[in-house]
Every structure is written in structure tokens, then in C-alpha cells.
Amino acid sequence: MTSTRTDIDPSQFATQFATVNGVSLAYVRAGQGNLCPIVLVHGWPESKRIWWRVIQPLADAGFDVVIPDLRGFGE
């Protein structure tokens, strides 16, 4: 897959926030298809944006894709 500016555009997916026990975490959710949910978790020292290129293909394939920023990383 060839990298292009559009496949890593930070505005390509809307970031949502969940607050649990006083801690707010950013995440992206795409797809909401009929297949099982997939949670993509980044490693250290990355953020959810490491998955930008695979979010849409997985969502298009029918998966409910959830990608959080781990605490202290990303947003």
C-alpha cells in the first residue's frame, strides 16, 4: 500500500471521548457493521493514528472498528 496524504489525514475520522472514573480517553469508532467488533490498540509510544490506513478497509468489510488512545498518549 502506497502512503498518501489522505490516508493519514487527522480529520479523516471523528475523535470521540469517553470519561470513566474521572479519566477521559479519546477514541475513534467506525463501521458498526454486522461482524464482530475489532479493537485496535497501539503500542508505545504511538497513538490511535497508527491505525489510520486500516480503519476504513475494516469498516467497509463490515466490522465495528474501535481504536482508543491509551492513557497518556495521543489526545
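Just above sits the structure.
1. Some words on the overall build of the chain
Reasoning step 1: Of regular secondary structure, the chain possesses 1 helix and 4 strands.
Reasoning step 2: Going from N to C terminus, the chain has its helices and strands arranged as β-β-β-α-β.
Reasoning step 3: Split into buried and exposed, the 75 residues of the chain put 27% on the buried side.
Reasoning step 4: Considering only contacts within the chain whose residues lie at least 6 apart along the sequence, 66% involve residues at least 24 apart.
Reasoning step 5: By element, 55% of the accessible surface of the chain is carried by carbon and sulfur atoms, the whole surface being about 5100 Å².

2. Topic: the side chain of S47
Reasoning step 1: The topology assignment puts S47 in the loop between β3 (37-39) and α1 (52-60).
Reasoning step 2: Setting aside residues up to four positions removed in sequence, S47 forms contacts with H42, D69 and G74.

3. Observations concerning the sheet that holds strand β1 (residues 15-20)
Reasoning step 1: With respect to topology, 4 strands assemble into an open sheet ordered β1-β2-β4-β3, the strand pairing being mixed. Of all strands in the sheet, those bounded by a partner on one side alone are β1 and β3. Shown here is a sheet whose adjacent strand axes are inclined to one another by a mean of 30°, direction ignored.
Reasoning step 2: Inspection of the sheet shows strand β2 (residues 23-30) paired to strand β4 (residues 64-68) by 4 bridges, in the antiparallel sense. Looking at the pairing, R29 lines up with V66 of β4.

Calculation rules
Residues numbered from 1 in each chain as written. Predicted model: local features only at pLDDT ≥ 70, side-chain atom pairs only at ≥ 80, totals over all residues. Heavy atoms only, no water. Helix = DSSP H or I, 4+ residues; strand = E, 2+ residues; numbered from the N terminus. Buried < 20%, exposed > 50% of the residue type's maximum accessible area, 1.4 Å probe, protein only. Contact = heavy atoms within 4.5 Å. Areas by Shrake-Rupley, 256 points an atom, 1.4 Å probe, with all protein chains shown as cover. Pairing = 2+ DSSP bridges. Axes fitted to C-alpha atoms, helices over the stretch in contact; angles between N-to-C directions.

No statement about biological role is implied by the geometric values presented.
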